[in-house]
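The lines below spell out each chain.
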Amino acid sequence: MSKKFAVLGSPISHSKSPLIHKAAYRVLGEDWEYSRIEVAKGGLKRFIENDGLGFAGFSLTMPLKEEAFVFSDVTDEISYSTKASNTLLRVNDQWCAFNTDVFGITQAISQAGTAPIKVSLIIGSGATATSAMAAIANLAPGSSVLVSARNKTTRLLLMEFGRSLGLKVSSARGLASAIKKAQVTISTLPGGAMDVAAKKLAASSFFKPSGVLLDVAYHPWPSQLANAWQMKNQKVVSGLEMLIWQAVAQIRIFKTGNPETELPNEIAVVQAMRIALDE
């Protein structure tokens, strides 16, 4: 049965979600459509109520993840915990919200083969940073997390959330020293937002990353932060890895309603998604 899905957000023109979703649907033998639609901050409810009638579900990217959580009728536990959702599924007359970003980040980092995680650094304090905090709680329960974010209000909320998960959370005093301490650094900022700071870091004699970097922004790639890391011969994970794995859980939801129910021939599905990104 043909179904319609789309990724919503702003800016959306660079999104690679249609590429990987369509590749997955082909392997699964599903005659589904998947498009990308520009929806600005504050516009999600209006869009779905006016233009969303023909859609079975949506992927949500910045800046709509908090709005998706608020808009939904039913939420999964991770959405409820993080107050952010990146997936909406229509079930009868209700919209069910899910957060698959936590799974995406957890998978991206665990597959990178990191050293035991004692200290992590999160850069940013938005919805994706909240998911990053939850992912760290999965990967390294009770570990220490440093937070680097300009917005004091959202930074304090993120730190409070991390502590509620049993993590030892504090504010990063300086970026270079925090990076040196962390076995995992997760930058959750939009593409280009770290460019100036990354160039300064790269030029500093104090910049000595000791662990892996996951930069969730994948456009443009490599980012300035990724370049700085690679100059020091340290491992970098592109946001495309997170994108693939959060999409795997999303497609599980679209197909079965459950993010934990594996897809038929899931290994082949993931392989097809990777090939689509390389083409």
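Structural data are supplied above this passage.
Since the model is a prediction, treat every value here as computed from it, not as a measurement.

Colleague: Please provide a residue-by-residue account of the packing of helix 6 (residues 127-139) against helix 7 (residues 152-164), values included.
Modeller: At their nearest, the axes of helix 6 and helix 7 sit 10 Å apart, and the two run at 20° to each other. In terms of orientation, helix 6 and helix 7 fall into the roughly parallel class. In the packing of helix 6 onto helix 7, the handedness of the crossing is right-handed. Packed against helix 6, whose contacting residues are Ala129, Thr130, Met133 and Ala134, the element helix 7 presents Leu158, Phe161 and Gly162 at the interface. When its residues are assigned to classes, the contact of helix 6 with helix 7 shows five nonpolar, two polar and no charged.

Colleague: Would you mind going over helix 11 (residues 239-256) in detail, with residue names and values included?
Modeller: Helix length check: helix 11 (18 residues) gives 26 Å between terminal C-alpha atoms against 26 Å at 1.5 Å per residue, within 8%. Most of helix 11 sits out of view: 15 of its 18 residues are buried. One side-chain oxygen of the residue at the start of helix 11 lies 2.9 Å from the amide nitrogen of Leu240, identifying that residue as Ser238. Among the residues trailing helix 11, Gly257 stands out with phi positive, at a value near 85°.

Colleague: Quick rundown of the packing of aromatic side chains? Include the residues and the values.
Modeller: One pass over the full model with this rule turns up 11 aromatic pairs. Measuring from ring centre to ring centre gives 6.3 Å for Tyr25 and Tyr34, while their planes differ by 70°; the resulting arrangement is edge-to-face. An aromatic cluster is built from Phe5, Tyr25, Trp32, Tyr34 and Phe254, whose rings are joined through pairwise contacts. Directly above the aromatic system of Phe55 lies the positively charged group of Lys4, at a separation of 4.4 Å from the ring centroid. Over the ring of Tyr80 we find Lys83; its NZ or CZ atom is 4.3 Å from the centre of that ring.

Cut-offs applied
- Residues numbered from 1 in each chain as written.
- Predicted model: local features only at pLDDT ≥ 70, side-chain atom pairs only at ≥ 80, totals over all residues.
- Heavy atoms only, no water.
- Axes fitted to C-alpha atoms, helices over the stretch in contact; angles between N-to-C directions.
- Helix = DSSP H or I, 4+ residues; strand = E, 2+ residues; numbered from the N terminus.
- Parallel < 35°, antiparallel > 145°, perpendicular 65-115°, else oblique.
- Left-handed = near helix turned anticlockwise from the far one by under 90°.
- Contact = heavy atoms within 4.5 Å.
- Nonpolar A, V, L, I, M, F, W, Y, C, P; charged D, E, K, R; others polar.
- Expected span 1.5 Å × (residues − 1).
- Buried < 20%, exposed > 50% of the residue type's maximum accessible area, 1.4 Å probe, protein only.
- Polar contact = N/O pair within 3.5 Å; in protein donor to acceptor, adjacent residues only side chain to side chain.
- Phe/Tyr/Trp six-rings, centres within 6.5 Å; stacked < 30°, edge-to-face > 60°.
- Lys NZ or Arg CZ within 6 Å of the ring centre and 35° of its normal.

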